[in-house]
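Fold and contact review
Here are the chains, one letter per residue:
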Amino acid sequence: AIDSKPDDKTGPLLEPVLKPLWAAYACVWAGREKRQPLEIDAPEHKIIFKDGKVAGVKRRERFDAHKLIEEFMIQANASAAEELEAKKTPQLYRVHEPPSEEKVRALSMFLKTLDLSLPLGQVMKPKHFNQLLEEVKGKDYQNLVNDVVLRTQAQAAYAPINKGHFGLTLRRYSHFTSPIRRYADLIVHRALISALGFGDDGLSADDISRLTETAEMISDAERRAMAAERETTDRL
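Not measured: the values here are computed from a predicted model.

If you walk through the whole model with that rule in mind, you get 16 salt bridges. Note that Asp41 is salt-bridged to Arg59, the shortest N-O span being 3.3 Å. One end of the pair, Asp41, is in the loop between helix 1 (14-35) and strand 1 (45-50); the other, Arg59, is in strand 2 (residues 53-59), with 18 residues separating them in the sequence. For Arg59, a relative accessible area of 48% puts it in the partly exposed group. Residue Arg223 is joined to Asp220 by a salt bridge in which the shortest nitrogen-to-oxygen separation is 3.1 Å. Here Asp220 and Arg223 lie together in helix 8 (residues 211-235), a separation of three residues that amounts to about one turn. Given a relative accessible area of 30%, Arg223 falls into the partly exposed group. Assessed through its relative accessible area of 38%, Asp220 is described here as partly exposed.

What follows is the structure in C-alpha cells.
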C-alpha cells in the first residue's frame, strides 16, 4: 500500500501516474496472454561478494514491477520495428526462429524417459512448450525440463531481414530500448532519426550497405559475452 500522507513523495503520484500505469500494464498483459509467448522459468542468480570474496549465491527476485518494465520495453521494441517498416527504412531486427525439427525430436526422446510426451507432426508453437512446462511444475525434474526446453530453442540473433520472433510470438521485433549498451539499439535509433527526419546523424548510406556485416559482428560478440558470463558464474 502507498502511504499518501502529505510528507510522502509517492502520494501525489498515485492517482495521476501509478494507477493509469498499472491499468495500461493490465491491458498489455492481456495481450501477452493472448499471444502466449514462451514462458521458460530460467531464474537468474546473483553472486554475493564480501571483502572481495564470494560469500554466497542467491536467486534474483523478480517482482511485478520488473514484469511491468519488461513488458513495456517489449512493446517499445516492437513499435520501433513497426515504425521503421512503415517508413520502409532498413533496420536491424532481433530475430528468433522456431527450433529445428532435429532438436524437437531430441527433446521428445528425452521426455519419454520421464513418461512425458510432446506432440510431433505439427507446427510447434510456444504454447506447446508452455503446456509441457506447466505439466512439470512442482515436480522434481522441473528445472531439468526447463533447461532442456531452453536448449531446444534456436539462438536469437540480429539480421537486416525480418524472420519474426518465435519466443515472443511477434511478427517483427527490433532492439531499441538500450542504445547506451547495445550497438543494435543504436543502429535502430539512427534509423529512426533518418526515417522521421529528426536530424542529419541518422543511418548513412555506408551504414546501410554494411547492415548484414554489422548484424553478424554484433551477434558473434553477444555469443562470446554470454559464454564468458556463464563461465565466470560457473567458476564463482
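What follows picks up the thread again.
A few words now on helix 8. In a regular helix each residue adds 1.5 Å, so 25 residues correspond to 36 Å; helix 8 covers 36 Å between its end C-alpha atoms and thus fits that length. Buried residues in helix 8 make contact with strand 4 (157-159), helix 6 (183-196) and helix 7 (205-209).

Regular strands have side chains that alternate between both faces of the sheet. As paired strands, strand 1 and strand 2 are joined by six bridges and run antiparallel to one another. Residue pairing in the sheet places Lys46 in a bridge with Lys58 of strand 2. Between the end of strand 1 and the start of strand 2, which pair antiparallel, lie two residues, with Asp51 showing a positive phi angle near 55°.

Relative to the helices and strands, Phe63 resides in the loop between strand 2 and helix 2 (64-86). Residue classification places Phe63 among the partly exposed residues on the basis of a relative accessible area of 47%. Put simply, Phe63 and Thr113 are 50 residues apart on the chain and 35 Å apart in space, counted from C-alpha to C-alpha.

What counts as what
Residues numbered from 1 in each chain as written. Predicted model: local features only at pLDDT ≥ 70, side-chain atom pairs only at ≥ 80, totals over all residues. Heavy atoms only, no water. Salt bridge = Lys/Arg side-chain N within 4 Å of Asp/Glu carboxyl O. Helix = DSSP H or I, 4+ residues; strand = E, 2+ residues; numbered from the N terminus. Buried < 20%, exposed > 50% of the residue type's maximum accessible area, 1.4 Å probe, protein only. Expected span 1.5 Å × (residues − 1). Contact = heavy atoms within 4.5 Å. Pairing = 2+ DSSP bridges.

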